[in-house]
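# Descriptive structure summary
Spelled out, the chains give:
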Amino acid sequence: MKRTKALLMTLIAALFLTAALPALDAEATSKKVGKATLSSAKAAGMNQINVKWKKVKNAKGYQLMVAKNKKFSKGRKSYKLTGTSKAATKLSAGTKYYVRVRAYGKSGKKTVYGKWSKVRTVKTVKKHSHQWKGTTTSKRVLVYSMVPFSQATGPNGRGDDGYSRKYRCMCSSCMANNLYASDNPSLETHLRKVNSPGWFEEIYDERTLCVKCGTDLTEMNDDELTAHAGNCKSNYYDTWVLKNKVYHNSTSYYTTQNTTTYRCSVCGIAK
């Protein structure tokens, strides 16, 4: 009798534990989403408000809402996004807007929302004709004067002297990434665009090398080639080997560079 009672109690406990497991799993997968906090909400001209907010833990995304009244029922615009900033556009000029944001997460297939942030009010700039005002800034810049390709020891590509050349830019990006220009006009355009300190020639010589040991066999006659191939028990092949580099450094000088930016004196938007 006692043994039967013990078995019955064990069975009841197992049933309770089995029933509790789904709830425990659901609790583990359902993480609470915190309340969002607005960082800033500023008017950017007549028809736009730029909004930023702080990142919320466990959030999969955010819902931003902009409207013309406190109840968010008039002129409402709603955005769902994953970042922490948004430019709300196509708004009415000279109008007071209410702004709020909330985070959301996932609990299985269900979307769980956090609490709305505190509401901020922003007024867009009144309708007006832009009054552009220019501001000029000056800075001293180093300019390079390119050495013409006519100063090269030979043409870009295969030359009559039997050598092959590659012209290369000396800017940091081309050197780091081992880049080559496909033709002279492209290289010249690039040199001027990046204000490169110069260019250089890679000069290649066609040589005959042993496949196995890498010995240069170019100057050997046919009998010597045959003998070497027999000793190495290998064949030979023709390839281009880097022979020399010739650098053409640009001359440099400093000049003053003026930059003018225009902003509306009424709303501050840039042109």
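Before going into details, it helps to say that this report is about the structure given with it. Please read these numbers as outputs of a predicted model, since none were measured by experiment.

Across its full length, the chain carries four helices and 14 strands. For the chain, the proportion of its 271 residues judged to be buried stands at 29%. Just so you have it, the chain exposes about 18,500 Å², and 51% of that area is on carbon and sulfur atoms.

What helix H4 (residues 222-232) keeps buried is the set Leu225, His228 and Cys232. All buried residues of H4 lie within an arc of 65° about the axis, which places them on one face of the element. Those residues of H4 that are exposed and angled more than 90 degrees off the buried face are Asp222, Asp223, Thr226 and Asn231. Buried residues belonging to H4 abut strand S12 (198-210) and strand S13 (236-249). Structurally, the start of H4 carries an N-cap: the backbone nitrogen of Asp223 is 3.1 Å from a side-chain oxygen of Asn221. After H4 finishes, the residue Lys233 shows a positive phi value of roughly 55°.

Here we take up the sheet that holds strand S5 (residues 85-88). Read from one edge to the other, the open sheet built from three strands follows the order S1-S2-S5, with strand pairing classed as antiparallel. Two strands lie at the open edges of the sheet, namely strand S1 (38-43) and S5, each paired on one side alone. Within this sheet the neighbouring strands show an average axis-to-axis angle of 10°, counted without direction. As paired elements, strand S2 (residues 49-53) and S5 share four bridges and run antiparallel to each other. Residue pairing in the sheet places Val51 in a bridge with Lys86 of S5.

What follows deals with the nonpolar core. One finds Val51, Trp53, Tyr62, Leu64, Val99 and Val101 to be the most contacted residues of the largest nonpolar core, which totals 20 residues. In terms of residue count, strand S6 (residues 96-107) provides more of this core than any other element does, four residues in total. Membership of the second largest hydrophobic core comes to eleven residues, among which are Met146, Phe149, Cys171 and Cys174.

In this structure, Ser196 sits in the loop between helix H3 (184-193) and S12. Other than its neighbours up to four places away in sequence, Ser196 contacts Tyr144, Cys169, Met170, Cys171, Leu191 and Ser250.

This next bit is on the pattern of salt bridges. With the rule as written, the count across this model stands at eight salt bridges. Two residues, Arg165 and Asp161, come together in a salt bridge whose shortest N-O distance is 2.7 Å. Look at Arg165 and you get buried, because its relative accessible area is 4%. Overall, Asp161 belongs to the partly exposed group, its relative accessible area being 40%. One salt-bridge network, held together by shared partners, links Asp205, Arg207, Asp216 and Glu219.

Calculation rules
- Numbering of residues starts from 1 in every chain and runs along the sequence as written.
- With the structure being a predicted model, the display of local features is reserved for residues of pLDDT at least 70 and the display and counting of side-chain atom pairs for 80 or more, all residues being used for whole-chain, interface and lining totals.
- Excluding hydrogens and water, the side-chain figures rest on all heavy atoms present in the structure.
- Strands here are runs of E lasting at least two residues and helices are runs of H or I lasting at least four, both read from the DSSP assignment and numbered beginning at the N terminus.
- Burial status follows relative accessibility: with a 1.4 Å probe on protein chains alone, a residue under 20% of its type maximum counts as buried, one over 50% as exposed, and anything between as partly exposed.
- Residue burial considers only the protein chains on display, and all accessible areas are found by Shrake-Rupley using a 1.4 Å probe.
- Think of the arc as the fan of directions from the helix axis to the C-beta atoms.
- Any two residues whose heavy atoms approach within 4.5 Å at even a single point are treated as in contact.
- Under the rule applied, a polar contact is a pair of N or O atoms within 3.5 Å (in protein, one hydrogen donor and one hydrogen acceptor; residues adjacent in sequence only if both atoms are side-chain atoms).
- Pairs of strands are assigned from DSSP output, requiring at least two bridges between the strands.
- Lines are fitted to the C-alpha atoms to define the axes, a helix being fitted only along its stretch in contact, and any angle between axes, read from their N-to-C directions, falls within 0 to 180 degrees.
- Residue types Ala, Val, Leu, Ile, Met, Phe, Trp, Tyr and Cys, when buried and joined through side-chain atoms within 4.5 Å, form a set referred to as a nonpolar core.
- Salt bridges, as used here, are contacts in which a Lys or Arg side-chain nitrogen is within 4 Å of a carboxyl oxygen on Asp or Glu.

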